[in-house]
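Each chain, letter by letter, is given below.
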Amino acid sequence: MKTYTRYPVRLVHGRGARVWDDAGKAYLDFISGIAVNTLGHAHPALAQAVAEQARTMLHCSNLFHIPAQEKLAEKLACLAGLGRVFFCNSGAEANEAAIKLARKYWYDQRSPRRTIITASQSFHGRTLGALTATGQDKVKTGFDPLPPGFTHVPLGNMNALKQAMGDDTAGILLEPIQGEGGVNIATDAYLRSVRTLCNDTGILMMLDEVQTGVGRTGEMFGFEHTGMRPDILTLAKGLGGGVPIGAMLASESIAVSFGPGTHGCTFGGNPLSCTAALTVLDVLEREGLLENVRVQGGRLQSGLKELQRVYPIMREIRGRGLLIGAELGCCVDKIIACCREAGLLLLPAGPKVLRFLPPLNVTSAEIDEALAVLGDCLPADQASV
Ligand code: PLP
């Protein structure tokens, strides 16, 4: 079905940050499958681990203990400092699990708290619960009746958040950086204040790190920049490096509310996806990619700021690590098309923001190449767009 407006390109293979179309044309991939190809394309370790696992066992069901799942759960729990993990296949599913767990937690406390507060401009997925949680009307239109129990507040405004909180509030669900909504940053100070508010009230702090998690911001998780941790955390996108996997983590005392029969997922946490995720985490560590994200993210941001000095149409550069947005004074569609023609794949975050999501092992030379292509495509003034 025509649920995507597709670019006029058929990609057939890739290596590292480079992809090729069916006519043999090469592109520098600064989309990474929308923050999915953590290790770029065809990383030898990931390709080998996936192939080997396919020869051994793809799937067996959560009716059985799955060694790769146990290993991955232990690794993620240790990295995030949260005791329990539920596995699924996507970001929307991870958020659905998070919303269900928050409600069930309060139900088990015999409390009426059921409502989840999220931010305006947020994006949490396309299933009914996740799209209702999403703070953008454009994804909701035509899909009513929507499930009750969601309210939205402007990101970064503590007063608005306090006013929205009531006796029915179960949790606050936020992205550390809104990816789809325009690369909007929740400041560390704001997130810390939300944490304090949650500590004071018992309300659950839930972070959607589907886009920011797994090294994208230069730490394993976006919340690590703040010195605090959430009660519930969701991951997907980059976790499997291209193999579908999502995860919802929670502290032990909350996770007990998910007993047998309360939630489930046929494919979630199967041997293939867990082996892929274990390999991604292993390579991140082995190749020092968090440091690479910080270095290359810095290089990209300074390069963009240099372009901003020459091209006033670039209004603001923001982001963290390798999740960077450049807000322009015009629509970005034509610039994205120009870059694509010139061999650079970029995507928008809303109508006026160019989004940069290279793989986490991108090199300095590739960053410089992307900046040069972009420089050639930026209009000298607004009139020429
Ligand atoms: N949450 C965030 C922050 C996202 O960026 C996305 C996808 O863009 C989702 C959830 C939904 O993930 P999926 O498309 O895997 O369901």
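These numbers come from a predicted model, not from an experiment.

Definitions and cut-offs
- Residues numbered from 1 in each chain as written.
- Predicted model: local features only at pLDDT ≥ 70, side-chain atom pairs only at ≥ 80, totals over all residues.
- Heavy atoms only, no water.
- Axes fitted to C-alpha atoms, helices over the stretch in contact; angles between N-to-C directions.
- Helix = DSSP H or I, 4+ residues; strand = E, 2+ residues; numbered from the N terminus.
- Parallel < 35°, antiparallel > 145°, perpendicular 65-115°, else oblique.
- Left-handed = near helix turned anticlockwise from the far one by under 90°.
- Contact = heavy atoms within 4.5 Å.
- Nonpolar A, V, L, I, M, F, W, Y, C, P; charged D, E, K, R; others polar.
- Buried < 20%, exposed > 50% of the residue type's maximum accessible area, 1.4 Å probe, protein only.
- Pairing = 2+ DSSP bridges.
- Polar contact = N/O pair within 3.5 Å; in protein donor to acceptor, adjacent residues only side chain to side chain.
- Expected span 1.5 Å × (residues − 1).
- Arc of directions from axis to C-beta.
- Disulfide = S-S within 2.5 Å.
- Near = heavy atom within 4 Å.
- Areas by Shrake-Rupley, 256 points an atom, 1.4 Å probe, with all protein chains shown as cover.

## Some points on the packing of helix α11 (residues 333–341) against helix α12 (residues 364–377)
The description of two packed helices rests on the angle between their axes and on the distance between the axes.
Here is step 1: Between α11 and α12, whose axes approach to 9 Å, the crossing angle comes to 125 degrees. Compared by their axis directions, α11 and α12 come out oblique. Read as a crossing pair, α11 and α12 show a hand that is right-handed. Listed contacts from α12 to Ile335, Cys338 and Cys339 of α11 are Val373, Leu374 and Cys377.
Here is step 2: When the residues that make up the contact of α11 with α12 are grouped by side-chain class, the tally is six nonpolar, no polar and no charged.

## Concerning the pairing of strand β11 (residues 232–235)
Here is step 1: Of the two faces of β11, the one holding Ile232 and Thr234 and the one holding Leu233 and Leu235 are both buried throughout.
Here is step 2: Sheet analysis places strand β10 (residues 204–208) next to β11, joined by three bridges and oriented parallel. Opposite Met206, over in β11, you have Ile232 as the bridge partner.
Here is step 3: When β11 meets strand β12 (residues 246–250), the two strands line up antiparallel, connected through four bridges. Bridge assignment links Leu235 to a residue of β12, and that residue is Ala247.

## Here we look at the packing of helix α3 (residues 67–80) against helix α9 (residues 271–286)
Here is step 1: Two elements in contact, α3 and α9, have axes separated by 8 Å at closest approach and are oriented at 40 degrees. As the angle between them shows, α3 and α9 are arranged oblique. Where α3 crosses over α9, the handedness of that crossing is left-handed. For the pair α3 and α9, the contacting residues are Ala68, Gln69, Lys71, Leu72, Lys75, Leu76 and Leu79 in the first and Pro271, Cys274, Thr275, Ala277, Leu278, Leu281 and Glu285 in the second.

## Quick word on the side chain of Gln296
Here is step 1: Mapped onto the fold, Gln296 is located in helix α10 (residues 289–310).
Here is step 2: In this structure Gln296 comes out as buried when scored by relative accessible area, which is 4%.
Here is step 3: For Gln296, the side chain forms a polar contact with the side chain of Ser364, separated by 3.2 Å.
Here is step 4: Once residues lying within four places of it in the same chain are set aside, the contact partners of Gln296 are Leu322, Val362, Thr363, Ser364 and Ile367.

## Thoughts on α3
Here is step 1: The terminal C-alpha atoms of α3, which comprises 14 residues, lie 20 Å apart, in line with the 20 Å expected from a rise of 1.5 Å per residue.
Here is step 2: Looking only at α3, the buried set comprises Ala68, Gln69, Leu72, Ala73, Leu76, Ala77 and Ala80. Buried residues in α3, looked at end-on, bunch into an arc of 155 degrees, giving them a common side. Those residues of α3 that are exposed and angled more than 90 degrees off the buried face are Pro67, Lys71, Glu74 and Cys78.
Here is step 3: Buried positions along α3 lie against β4 (84–88), β11, β12 and α9.
Here is step 4: In the segment just after α3, Gly81 is the residue with positive phi, at about 70 degrees.

## A short note on the environment of Phe143
Here is step 1: Here Phe143 shows up in the loop between α5 (128–133) and β6 (150–153).
Here is step 2: For Phe143 and Leu235, which are 92 residues apart along the polypeptide, the C-alpha to C-alpha distance reads 25 Å.

## Concerning the state of the cysteines
Here is step 1: Counting across every chain of the model gives one disulfide.
Here is step 2: Disulfide pairing is shown between Cys338 and Cys377; the S-S distance is 2.1 Å. On the S-S bond that ties Cys338 to Cys377, the torsion sits near -75 degrees, and the link is left-handed. Here the residue Cys338 occupies a position in helix α11, and Cys377 occupies one in helix α12, the gap between them amounting to 39 residues.
Here is step 3: Counting only cysteine sulfurs, Cys274 is the nearest neighbor of Cys78, a cysteine outside any disulfide, at a range of 17 Å.
Here is step 4: Cysteine Cys274 is unpaired, with the sulfur of Cys60 as its nearest cysteine sulfur at 9.8 Å.

## Structural notes on the sheet that holds strand β7 (residues 169–174)
Backbone hydrogen bonds hold the strands of a sheet together, and the pairing may be parallel or antiparallel.
Here is step 1: A sheet is described by the order of its strands in space; here seven strands give the open sequence β4-β12-β11-β10-β7-β5-β6, paired in mixed fashion. Of all the strands in the sheet, just β4 and β6 have a single pairing partner and so form its edges. The mean inter-strand angle of the sheet, taken between neighbouring strand axes irrespective of direction, is 20 degrees.
Here is step 2: The pairing of strand β5 (residues 115–119) with β7 spans four bridges and is classified as parallel. Bridged to Thr115 within β7 is Thr169.
Here is step 3: Most of the contacts of α3 go to β4, to which it runs at about 125 degrees, and overall it touches β4, β11 and β12.
Here is step 4: The sheet strands contacting helix α7 (residues 188–201) are β7 and β10, and the helix crosses β10 at an angle near 145 degrees.

## Digging into the site of the ligand
Here is step 1: Lining the immediate surroundings of the ligand are 13 residues, of which Gly91, Ala92, Asp208, Gln211 and Lys237 lie closest.
Here is step 2: A distance of 2.8 Å separates an oxygen atom of the ligand from a polar backbone atom of Ala92.
Here is step 3: Between the ligand and the protein, one listed contact pairs an oxygen atom with a side-chain N or O atom of Glu180 at 3.4 Å.
Here is step 4: Expressed as a share of its isolated accessible area of 390 Å², the protein-covered part of the ligand is 82%.
Here is step 5: The element that contributes the greatest number of residues to the shell around the ligand is helix α4 (residues 91–108), accounting for three residues.
Here is step 6: For the shell around the ligand, the class distribution of residues is three nonpolar, six polar and four charged.

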